[in-house]
Amino acid sequence: MSNHDIKNEEKFMGQNAWFSLFMGVTLLIISVYPLLTQTSAPLLFFGTAAFLGSFCMFVIRGGFTWKMKYHLTYKDEYLNTIDTIAYKHVVLGLLFSMGGVYLFSDDLALEVSHTMMASFYLAVMCLIYGVSILWQSKD
Amino acid sequence: MQNNIAKFRKEAGLSQQELADAISVSRKTISTVETNRFTPSVIIALKIAANFNMPVESLFILDEAD
């Protein structure tokens, strides 16, 4: 494996972490905002635009090769390890958030749609993945 | 497990990035191995040892708890 590939993977992981954080915050706003305003139409448009905009920004300007998207693992041992640990953090976070929803859902059931809950779970997953990668990447 | 990688690297006048480039791993791998936050595979341990021309046992020291 060449040094160029390693540097690409490091860059890709950094971009991926920030992209996950950005998407997590966006999805969190989308899932919570309709509760406050009783409408989700403007947020769906905003969410779609934010997703496409951030996707283009991170993928096109990311500087990594297109073949990266076909790899589910990193070749570098340390990057692959922290990626795997981050997914474990995601699963744990998802379990806790689902447990919280299970306990408190009766109070929210009338106002919350399935779309909002799905967005909330995705937001939790994205946020935890991004934070975990950045936290583990620190020197 | 303890290791002397940082010591030998500095004696050789190498930065973490230069050592990482020499054995084709990321700089974070070297950084976290040196600070004992990450235990490398046998392959990486052998590559580091080969880079310094010394046996692996000189670089890595087992703790009693290991």
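Residues numbered from 1 in each chain as written. Chains lettered and ligands numbered in written order. Predicted model: local features only at pLDDT ≥ 70, side-chain atom pairs only at ≥ 80, totals over all residues. Heavy atoms only, no water.

K.L.:
Would you explain the overall build of chain A in this entry?
P.N.:
Within chain A, the secondary structure is distributed over four helices and zero strands. Taking all 139 residues of chain A together, 35% fall into the buried category. Within chain A, contacts between residues at least 6 apart in sequence are counted, and of these 83% link residues at least 24 apart. Counting every atom, chain A has about 8,700 Å² of accessible surface; 72% of that belongs to carbon and sulfur. (Helix = DSSP H or I, 4+ residues; strand = E, 2+ residues; numbered from the N terminus. Buried < 20%, exposed > 50% of the residue type's maximum accessible area, 1.4 Å probe, protein only. Contact = heavy atoms within 4.5 Å. Areas by Shrake-Rupley, 256 points an atom, 1.4 Å probe, with all protein chains shown as cover.)

K.L.:
Quick question: what am I supposed to make of helix H4 (residues 114-137) of chain A here?
P.N.:
Given 3.6 residues to a turn, an α-helix orients residues that are three or four positions apart in the same direction. Between its first and last C-alpha, H4(A) extends 35 Å over 24 residues, near the 34 Å set by a 1.5 Å rise per residue. When we look at burial in H4(A), the residues that qualify are Met116(A), Ser119(A), Tyr121(A), Ala123(A), Val124(A), Tyr129(A), Gly130(A), Ser132(A), Ile133(A), Gln136(A) and Ser137(A). (Expected span 1.5 Å × (residues − 1).)

K.L.:
Would you explain the packing of aromatic side chains in this entry?
P.N.:
For any pair of aromatic rings, geometry is given as the distance between the ring centres together with the angle between the planes. Applying the stated criterion to the full structure yields five aromatic pairs over all chains. Where Phe12(A) meets Tyr74(A), the ring centres are 6.1 Å apart and the plane angle is 55 degrees; that geometry is what we call tilted. Highlighted residues: Phe12(A) in helix H1 (residues 3-37) and Tyr74(A) in the loop between helix H2 (41-60) and helix H3 (77-108), separated in sequence by 62 residues. Comparing Phe12(A) with Tyr74(A), the two get one shared label, buried. Considering the side-chain rings of Tyr78(A) and Phe38(B), the 5.1 Å spacing of their centres and the 70 degrees angle between planes classify their relative orientation as edge-to-face. Taken together, the residues Tyr78(A) in helix H3 and Phe38(B) in the loop between helix H3 (27-34) and helix H4 (42-52) connect one chain to another. Judged by relative accessible area, which is 10%, Phe38(B) ranks as buried. Positioned above the aromatic ring of Phe8(B) is the side chain of Lys7(B), whose terminal nitrogen or guanidinium carbon lies 5.1 Å from the ring centre. (Phe/Tyr/Trp six-rings, centres within 6.5 Å; stacked < 30°, edge-to-face > 60°. Lys NZ or Arg CZ within 6 Å of the ring centre and 35° of its normal.)

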